[in-house]
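# Structural overview
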Amino acid sequence: MAFDFDLFVIGAGSGGIATARRAAEYGAKVGIAEFDRLGGTCVNRGCVPKKLLVYASRFADHFHEATGYGWPSQDLICDWPRLIQDVNNEVERLNGIYQKMLDNSKVQVLKGLAQFLDPHTVKVGETVMTADRLLIAVGGQPVKPNIPGIEHFIVSDDLFHLPTLPQQLVILGGGYIGVEFAGVMHRLGVKVTQIIRRDKILWGFDDDIRQEIQDAMIRDGIEILTLTHPQTIEKTTDGLSLQLEREGKVETVDFPGAIGLAATGRQAKLDQLGLELAGVTVEKSAIVVNELSQTSQPHIYAVGDCTNRINLTPVAINEGRAFADTEFGGRPRLMSHENVPSAIFSTPEAATVGLTETQAIAQYGAEAIKTYKTKFRPMYYSLPNLASKTLMKLVVHQETDRVLGAHMVGDYAAEIIQGVAIAVKMGAKKADFDATVGIHPTSAEEFVTMR
Ligand code: FAD
């Protein structure tokens with residue numbers, strides 16, 4: 001049977017665009033469907049606009065720190081409408097670049113919502129087309145908890161379109177998105193309260209990292225209500241009123257001038273896709289795939305957040321390129337999901353690669369694991385006389401001396417851990433770290449001097 005396309009991709013986000021272009025470079029005839037702006041979550045309402053806001057927010061600290069270095073005191077207020085306009089202009093510029101890149105790669109872009117009609121046929125708007133192979137890269141969307149009044153809370157997508165800053169922000173959820181926006185908004189002058197179910201933010205990360213960031217956020221003036229469960233939410237004339245349950249007691253707390261942000265997780269965007277007509281299996285709200293990113297239909301693949309493996313942009317891109325190399329490039333390879341580094345763009349920043357101490361102990365036993373930790377005030381903070389600390393931690397397998405995990409909280413953690421991640425991925429031993437000469441004076445050199 002002759003198909004319209006060798007590969008048809010649904011979703012022009014991180015995974016979809018990278019895969020479409022790679023397959024087209026190998027000579028495949030590729031089409032891609034997108035109903036929204038090109039670039040997906042990362043470019044339009046995730047990594048990129050968020051990181052720009054993180055940069056913007058950190059000037060609050062830099063202005064203060066500068067007084068320790070001979071600069072006169074600055075009492076400045078951020079011009080939010082201008083900032084958010086500039087951020088959105090930059091996003092628009094990137095949308096245009098993606099369009100050019102797809103055009104240059106000769107990938108046909110179809111604007112509209114794609115829906116399966118059968119395992120080889122997809123409808124995009126009114127256009128029906130067939131494809132030999134298909135890739136589902138539809139990403140995810142925020143989910144809100146089932147609390148009466150939750151409709152008064154916005155989600156992270158909406159934050160990039162706030163016309164003005166609120167006086168207060170109430171954040172539900174202790175994951176990285178909530179933590180990052182807490183730091184951004186606090187630094188832009190908003191009073192922030194973060195409400196979390198657990199005793200600590202950032203569940204799943206190394207415990208020392210979690211504690212360090214939480215302590216720093218509280219020290220900075222962010223209120224974190226731990227072990228707290230909202231029961232009801234009401235909109236008041238000038239803000240929000242929440243009934244909060246903590247240790248069996250319920251109290252009503254008013255947040256005048258507040259808006260609410262539900263940062264309570266994300267789920268694959270599978271509604272309206274017609275997966276049942278394609279015969280693609282879904283479990284726990286995500287598309288089931290094997291290590292080749294192949295779904296229950298051998299010619300249909302899925303990558304990125306809609307498979308809920310590791311929901312990060314570089315992972316979606318790598319999964320997609322591994323598929324394209326294998327299926328269209330004659331270079332079979334698997335994407336490794338081991339030792340994927342990641343960062344939390346809180347302030348202080350954190351980054352991590354490999355196993356947490358808890359994971360290492362669960363895998364190898366407590367006696368098999370040795371941890372190395374250092375906590376210090378970076379030289380930068382000496383003249384401004386600030387208490388900001390950096391924490392670094394290595395998790396080592398004693399018998400083999402292999403570094404199983406590296407974790408850091410502190411300035412440039414993401415930039416530093418990216419380099420360390422190469423060593424960890426290559427199977428470096430603690431002795432290799434020790435044999436590496438440091439760059440002085442830096443914070444990063446502490447990674448090669450830990451005893
Ligand atoms: P997406 O990028 O979401 O792309 C999916 C695309 O498919 C979308 O454009 C959507 O409109 C389209 N689509 C969906 N259904 C259909 C359909 N039926 N027809 C046509 N088109 C469809 N990751 C990092 O690595 N670093 C970060 O710092 C980071 N920060 C983040 C901050 C926030 C606030 C959020 C929300 C996410 C962040 N992420 C970050 C995660 C990252 O954005 C995602 O992991 C990544 O975008 C996933 O790529 P994807 O290709 O799977 O999906």
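Use the structure listed above.
From a predicted model like this one, the values you see are computed outputs, not experimental measurements. Per chain, residues are indexed from 1 in the order of the written sequence. pLDDT decides what is reported in this predicted model: residues at 70 or higher carry local features, side-chain atom pairs at 80 or more are listed and counted, and totals for whole chains, interfaces and linings draw on all residues regardless. Water and hydrogen atoms were dropped before computing side-chain values, which therefore reflect all heavy atoms in the structure.

Grid spacing is 1 Å over the protein atoms alone, the probe is 1.4 Å, and a cavity is where that probe fits but cannot get out, while a pocket is an open set with protein on both sides within 12 Å along at least five of seven lines and lining residues have an atom within 4 Å of a point. Grid points are joined across faces, edges and corners, and a volume is the space filled by probe spheres set on the points. Following the criterion strictly, the structure yields one cavity of 30 Å³ or more and no others. Counting residues per element, the lining of the largest cavity draws most heavily on helix α9 (residues 313–328), at five residues. For the lining of the largest cavity, the per-class residue count stands at six nonpolar, three polar and five charged. The secondary structure listing takes helices from DSSP runs of H or I that are at least 4 residues long and strands from runs of E that are at least 2 residues long, numbered from the N terminus. As a working rule, the residues Ala, Val, Leu, Ile, Met, Phe, Trp, Tyr, Cys and Pro are called nonpolar, Asp, Glu, Lys and Arg charged, and the rest polar, with Gly in that last group.

On to the packing of helix α6 (residues 176–187) against helix α7 (residues 207–220), then. An axis is simply a line fitted to the C-alpha atoms; with a helix, the fit covers only the stretch in contact. Between two such axes, the angle follows the N-to-C directions and lies from 0 to 180 degrees. Two elements in contact, α6 and α7, have axes separated by 11 Å at closest approach and are oriented at 20°. On the basis of the axis angle, α6 is roughly parallel to α7. In the packing of α6 onto α7, the handedness of the crossing is left-handed. Counting all contacts with α6, which are made through V179, A182, H186 and R187, the residues of α7 involved are I213, M217 and D220. Residues of the contact of α6 with α7, tallied by class, amount to four nonpolar, one polar and two charged. Working definition: roughly parallel below 35 degrees, roughly antiparallel above 145 degrees, roughly perpendicular at 65 to 115 degrees, and oblique for all remaining angles. Helix crossings get a hand from a simple test, with the near helix turned counterclockwise from the far one by less than a right angle marking a left-handed crossing and a clockwise turn marking a right-handed one. We call two residues in contact when some of their heavy atoms are within 4.5 Å.

The nonpolar side chains of soluble globular proteins are, as a tendency, buried together. The set of buried Ala, Val, Leu, Ile, Met, Phe, Trp, Tyr and Cys residues whose side-chain atoms join them within 4.5 Å is what this entry labels a nonpolar core. Buried means the residue's accessible area, taken with a 1.4 Å probe over protein chains only, is under 20% of the maximum for its type, while exposed means over 50%, and partly exposed covers the values in between. Counting residues in each nonpolar core, the largest one holds 58 residues, and the members touching the most others are L53, I213, L394 and F447. Ranked by residues supplied to this core, first place goes to helix α11 (residues 413–425) with seven residues. Discounting residues that sit within four places of it in the chain, L53 has contacts with W80, L83, I84, V87, F160, F181 and V184. Grouped together as the second largest cluster of nonpolar side chains are 24 residues, F8, V122, A268 and I287 included.

Glancing now at unusual backbone geometry. The omega torsion across T347 and P348 is 5°, close enough to zero to call that bond cis. Take P348: it is sitting in the loop between β20 (342–344) and β21 (350–354). In this structure, P441 follows H440 across a cis peptide bond, with omega equal to -5°. Mapped onto the elements, P441 comes out in the segment after α12 (430–435). Its identity as a non-glycine residue notwithstanding, N308 has a phi of 50°, on the positive side. Within the fold, N308 resides in the loop between β19 (300–302) and α9. Of note in the backbone geometry, N385 takes a positive phi value of approximately 55° without being a glycine. Here N385 is to be found in the loop between β22 (369–376) and β23 (390–397).

Note that all results are geometric; they support no functional claim without further evidence.
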